[in-house]
Amino acid sequence: MKPSAPPKTYRVKSFGCQMNVYDGERMAELLGEQGIAPAPEGEEADLVILNTCHIREKAAEKVYSDIGRLVKSGEAAGKKPLIAVAGCVAQAEGEEIMARAPAVSIVVGPQAYHRLPVMLDKAVQGGRATDTDMPAIAKFDALPTRKKRAPAAFLTVQEGCDKFCTYCVVPYTRGAEISRPFSHLIVEAEKLVEAGAREITLLGQNVNAWSGEDDKGRSIGLDGLIRALAKIADLKRIRYTTSHPNDFTPGLIAAHGEVDKLMPYLHLPVQSGNNRILKAMNRQHTADDYLAILEQVRAARPDIALSGDFIVGFPGESEAEFADTLKIVDEVRYAACFSFKYSPRPGTPAATMDGQIAPEVMDERLQRLQSRIGHHQFAFNQASVGKTCTILIERKGRHEGQWIGKSPWLQSVWVEASAEIGDMIEVELAEAGPNSLKGVVKPRLVTAA
Ligand code: SAH
Ligand code: SF4
Ligand code: F3S
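## A look at the site of ligand 3
Here comes step 1: In the neighbourhood of ligand 3, the contacting residues comprise Cys-17, Asn-20, Thr-52, Cys-53, His-54, Ile-55, Cys-88, Arg-174 and Gln-205.
Here comes step 2: Here the shell around ligand 3 is composed, by residue class, of 4 nonpolar, 4 polar and 1 charged.

## Considering the pattern of salt bridges
Here comes step 1: Per the counting criterion, the structure on display carries 33 salt bridges.
Here comes step 2: Here Glu-321 ties to Arg-276 by a salt bridge, and the two come within 2.6 Å at their closest N and O atoms. With Glu-321 in helix α12 (residues 319–332) and Arg-276 in helix α10 (residues 275–280), this pair connects stretches of sequence that are 45 residues apart.
Here comes step 3: Given a relative accessible area of 11%, Glu-321 falls into the buried group.

## Quick notes on the pairing of strand β10 (residues 199–203)
Here comes step 1: A large share of β10 lies buried, amounting to 5 of its 5 residues.
Here comes step 2: Pairing of strand β7 (residues 152–156) with β10, which is carried by 5 bridges, proceeds in the parallel orientation. By the bridge assignment for β10, Ala-153 is matched with Ile-200.
Here comes step 3: In terms of strand pairing, β10 meets strand β13 (residues 237–241) through 5 bridges, oriented parallel. Residue Leu-203 lies in a different strand from β13, and its bridge partner there is Thr-241.

## Examining the sheet that holds β13
Here comes step 1: Strand order in the open sheet formed by 3 strands is β7-β10-β13, with parallel pairing between adjacent strands. Of all strands in the sheet, those bounded by a partner on one side alone are β7 and β13. Each neighbouring strand pair of the sheet contributes to a mean axis angle of 25°, computed without reference to strand direction.

## Comments concerning the nonpolar core
Here comes step 1: Counting residues in each nonpolar core, the largest one holds 95 residues, and the members touching the most others are Leu-202, Leu-222 and Tyr-240.
Here comes step 2: Looking at which domains feed residues into this core, each of domain 1 (9–138) and domain 2 (139–383) supplies at least three.

## With respect to the domain arrangement of the protein
By a widely used convention, the size of an interface equals the accessible area lost when the partners come together.
Here comes step 1: Assigned domains within the protein: domain 1 (9–138), domain 2 (139–383) and domain 3 (388–447).
Here comes step 2: Distance from the C-alpha centre of domain 1 to the C-alpha centre of domain 2: 27 Å.
Here comes step 3: Contact with domain 1, which involves 27 residues of that partner, is made by 35 residues of domain 2.
Here comes step 4: Both sides of the domain 1 and domain 2 interface together cover about 2,900 Å² of buried area, and 58% of this is carbon and sulfur.
Here comes step 5: Here domain 1 is connected to domain 2 by 5 salt bridges.
Here comes step 6: We note a salt bridge from Arg-146 to Glu-25, for which the minimum N-O separation is 3.3 Å.
Here comes step 7: At the level of secondary structure, the elements contributing two or more residues to the side of domain 1 that touches domain 2 comprise α1 (18–33), α2 (57–76) and α3 (87–100).
Here comes step 8: By residue number, the principal contributor to the side of domain 1 that touches domain 2 is α1, which donates 11 residues.
Here comes step 9: Classifying every residue of the side of domain 1 that touches domain 2 by side-chain character gives 14 nonpolar, 6 polar and 7 charged.

## Considerations on the sheet that holds strand β20 (residues 424–432)
Here comes step 1: Here we have 5 strands rolled up into a closed barrel, ordered β17-β18-β19-β21-β20, and mixed in their pairing. For this sheet, the mean inter-axis angle between neighbouring strands, taken without regard to orientation, is 55°.
Here comes step 2: Relative to β20, strand β17 (residues 388–396) runs antiparallel, the two sharing 5 bridges. Counted as the bridge partner of Leu-392 is Met-424 from β20.
Here comes step 3: Running over the sheet, helix α13 (residues 359–384) touches β20 and β21 (436–441) and is turned about 115° from β20.

## Re the site of ligand 1
Here comes step 1: Neighbouring ligand 1 are 15 residues, the closest being Tyr-167, Gln-205, Gln-271, Asp-309 and Ser-343.
Here comes step 2: Coverage of ligand 1 by the protein chains reaches 89% of its 540 Å² of free accessible surface.
Here comes step 3: Of the residues contributing to the shell around ligand 1, the split by class is 6 nonpolar, 4 polar and 5 charged.

About the criteria used
Residues numbered from 1 in each chain as written. Chains lettered and ligands numbered in written order. Predicted model: local features only at pLDDT ≥ 70, side-chain atom pairs only at ≥ 80, totals over all residues. Heavy atoms only, no water. Near = heavy atom within 4 Å. Nonpolar A, V, L, I, M, F, W, Y, C, P; charged D, E, K, R; others polar. Salt bridge = Lys/Arg side-chain N within 4 Å of Asp/Glu carboxyl O. Helix = DSSP H or I, 4+ residues; strand = E, 2+ residues; numbered from the N terminus. Buried < 20%, exposed > 50% of the residue type's maximum accessible area, 1.4 Å probe, protein only. Pairing = 2+ DSSP bridges. Axes fitted to C-alpha atoms, helices over the stretch in contact; angles between N-to-C directions. Core = buried A, V, L, I, M, F, W, Y, C linked by side-chain atoms within 4.5 Å. Domains from an automatic or database assignment. Contact = heavy atoms within 4.5 Å. Buried area = accessible area lost by both parts, 1.4 Å probe. Areas by Shrake-Rupley, 256 points an atom, 1.4 Å probe, with all protein chains shown as cover.

Structure follows, in structure tokens:
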């Protein structure tokens, strides 16, 4: 490639999970330190980072169509953007991307992006750079401090996965489970709060596998970290995702009943309601193990909103086995759920299992599942009507004077009020839709002295 002028503007496009959103923000901060500015809306950027996801086939294929589109729109604007591919597709298919997409200058894996500045220098000189090393945790130490962000911020506390569910690429793209040190997390959380965050969501592929030592040298788990973070005065809300049933501890369950700032919402994926399928998935828990955890969490925090992930059409899934998934959905009465058609991923054991399910069968099962999930979500929202709660305002609504915030149960609530982003206001939930609720600001009672 020909040498190019150093980029003045960048755009980071993140796909996939919240951890990619977090990584995308950190890459942006790193580029900012290099004097590169975010590209103004509607303008072509000099440097585009595609921060990719490899979890399902469609997500991975998107990379190549996006690269093609970038080259075309660059040509139309008379420029040739530097293209970097980051994230999990970069990790899994780095060499293939370099071979298939000559327009790409940089391939950088999720554990190596702190080295972006050096790679960028090479790309500017006309070279191509690939870095998919997985040095445990090194990147966090090499990143700049946190800058002003939205009121709801993400904080990666744990990365990687040792579970090896038979369908999943994450253990290959994100590497082994590691926990970031306690003191680093407290410092980063304090910086985020100083920069305006009122809510922090702790992130990890298996966030409840986090372990560390507190400032007194005691061994603690995620619940201990949550209790320590709750002491930061201006941090008002704590959430965490995604947890795994096998790493759930009595301490974490108790925290749901005891820590006011820990929001009443739990995302705990189960994937299937059938034990034979769970075994073939290598989940290492049964449907009953899972239900027992939820029962205890509900006992600790009766109003908790529950959410989960489901896969339909895992190889060999029979109609009766799928019916067990519908059954567990009805039993739990989730407030929200994510559900996916099984997607065979190269290199995973399930991809070569017998009994791959026809796409039309998967389509039909997904539809039935989503209709049950939608039913329960709407019912949960309807049951919230009449409750008074605080919402954290995150953005403007469609009309003047309208604001959208999140309830403690992670529902979107819109309200007419004189407010600002980052405000926490008390509302009564007045009307429920399938995906959001209307809140009404409660008139303050003024009592004469
Ligand atoms: N660590 C989390 C989530 C990881 S990925 C956990 O174990 O729960 C997010 C979700 O994507 C998974 O929960 C699963 O429902 C879905 N998923 C992962 N691999 C998939 C595949 N090959 N096909 C379809 N869905 C998949
Ligand atoms: Fe993937 Fe399973 Fe690990 Fe979750 S626990 S990231 S689904 S291997
Ligand atoms: Fe996707 Fe990687 Fe997250 S595969 S879901 S971006 S960990």
